[in-house]
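# Structure assessment
Spelled out, the chains give:
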Amino acid sequence: MSQHSECAVTSANTAYKQCGAERKTPVQLIFGSASFAAGTYSTTAALKTAIIDKIKQAIGTSDKLFPIPVILDVKDATVSAKKASFGLGLEIQVQRAKQGYDFLIKSNSDLEKELIKFDGKIIPTLIFDDHNQLWGKFDTDLNFEGADYMVNVTPKGYDDGNGAFSTMVSIRLIDSRDFVENAAMAKIEFASDDLVGLLSVNLAYVSHSTNVHKISMKAAGVDINNPYSVGPLYGTEIAALIANFSAKSGAGTPTTSLAITSITYNSSEDVLVVTYDNTAYGTATGNIKLIPPNPTQLDGGDVAETELIAVTYAKP
Amino acid sequence: MNYNGVSFNENWAKTKTVEEFIAHEGHHGLTDKQLKEAYYLMCPKVKKSAEAKEIVESQLGSE
């Protein structure tokens, strides 16, 4: 007589798909809340384009994606399933395993200043492996997105002359079901420069002659003597994007439109020279806010992987 | 429009006369002749052709 279990009714078919996917070695993480509907991920090309577009969004955009630099080392930090046993010996599983990983990434102290902003936060995370597989999950509406992980960032310490050290980004899965039941993967062949984060570049007032203002474009870092300026590389291209610049004047957060009439890049002083309409400038009071092109506009103007940050300064 | 390394705001230039434009943008190191050329590249002079004049006049005459 065969043994029957009513549990078997709810079980699953168990065919092994020979071409089925499995997780391989991670090469990059992508943080962020972007979610892709079926209409987008139905074609690889559309999903790839959509992901790259999300990376190029400005800071503060709710569904911006943040690619983290390439992974140098992986350590499995999964918390094993917990087991407990009854008094008479039967051992049962009382908690599923919780996946977690520690990644050493290609980084430095400048980047750590940015990465630390993710520390201690629960962030949707897409994981790209070395078989061109982008791992995430489906939500209840079958949108493709990153699974929620707790992120921690450990800065690189001083070298000791022996081991190889780097910044560590740790991720810990929040919901075990996102690793199995809700798991989803898209096979995408990204180019090497597709999954690259943007560099935050601060605009800053330098000097002026009446309505002609000089503005620097520098990325702050740990090196107090040599902040990196994008001027030598992109100054001319940035000035050419005058149609995507705007300015406002007024007290507090400026709201009154202030026309920009011309912009040029002064290479000897490494500054943008921004000319405001002299009539509007004459009546302007309080602060001036200079709003640069957004990252997508910059990219379209051959200013790659850069986000210019708007500056508000007191009218001199 | 970019002219000799200077990016001008075309929409703003269109609200100005050539004299106002030259006076406002004289600090870039461009000569008046160059600034005048830049202005007219952004704000080209529109010449009325004889044919267009005839069409306009005929329509005005039919009213």
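Cut-off values and rules
Counting starts from 1 at the beginning of each chain's written sequence and moves along it residue by residue. Chain letters and ligand numbers both follow the written order, the letters beginning at A and the numbers at 1. In keeping with the predicted nature of the model, local features appear solely for residues at pLDDT of at least 70, side-chain atom pairs appear and are counted solely at 80 or more, and the whole-chain, interface and lining totals rest on all residues. Per-residue confidence from the predictor is reported as pLDDT, a score between 0 and 100. Put simply, DSSP marks the helices as runs of H or I at least four residues long and the strands as runs of E at least two long, and each gets a number from the N terminus on. Note on pairing: two strands pair once DSSP finds at least 2 bridges between them. Domain start and end points were adopted from an automatic or database domain assignment. Placing a C-beta atom from the backbone of each residue, one calls two residues in contact when those atoms lie within 7 Å. Asp, Glu, Lys and Arg are counted as charged, while Ala, Val, Leu, Ile, Met, Phe, Trp, Tyr, Cys and Pro are counted as nonpolar; the rest, among them Gly, fall into the polar class.

### Quick look at the confidence of the model for chain B
Summing up the model confidence of chain B, the mean pLDDT is 87 and the portion of residues at 70 or higher is 87%. The ipTM, which scores confidence in the relative placement of chains, is 0.78 for this predicted complex, and the corresponding pTM is 0.87.

### Here's the deal with unusual backbone geometry
One non-glycine residue, D302 of chain A, lies in positive phi territory at about 65 degrees. Position of D302 of chain A relative to the elements: it lies in the loop between α6 (295-300) and β22 (306-309). In this structure, N4 of chain B takes a positive phi of about 50 degrees despite not being glycine. Tracing the backbone shows N4 of chain B in the loop between β1 (2-3) and β2 (6-8).

### As for the sheet that holds strand β18 (residues 256-257) of chain A
Residue and element names in this part refer to chain A. Strand order in the open sheet made by the four strands is β18-β17-β21-β23, with antiparallel pairing throughout. Each of the sheet's edge strands pairs with one partner strand only, and the pair in question is β18 and β23 (311-314). Pairing of strand β17 (residues 246-250) with β18, which is carried by two bridges, proceeds in the antiparallel orientation. When the sheet's bridge partners are listed, S249 is paired in β18 with T256.

### Details of the domain arrangement of chain A
Residue and element names in this part refer to chain A. Split by domain assignment, chain A resolves into domain 1 (22-187) and domain 2 (199-314). Between the C-alpha centres of domain 1 and domain 2 there is a distance of 36 Å. Counting from both sides, the interface comprises six residues of domain 1 and, opposite them, seven residues of domain 2. Residue composition of the side of domain 1 that touches domain 2, grouped by class: two nonpolar, two polar and two charged.

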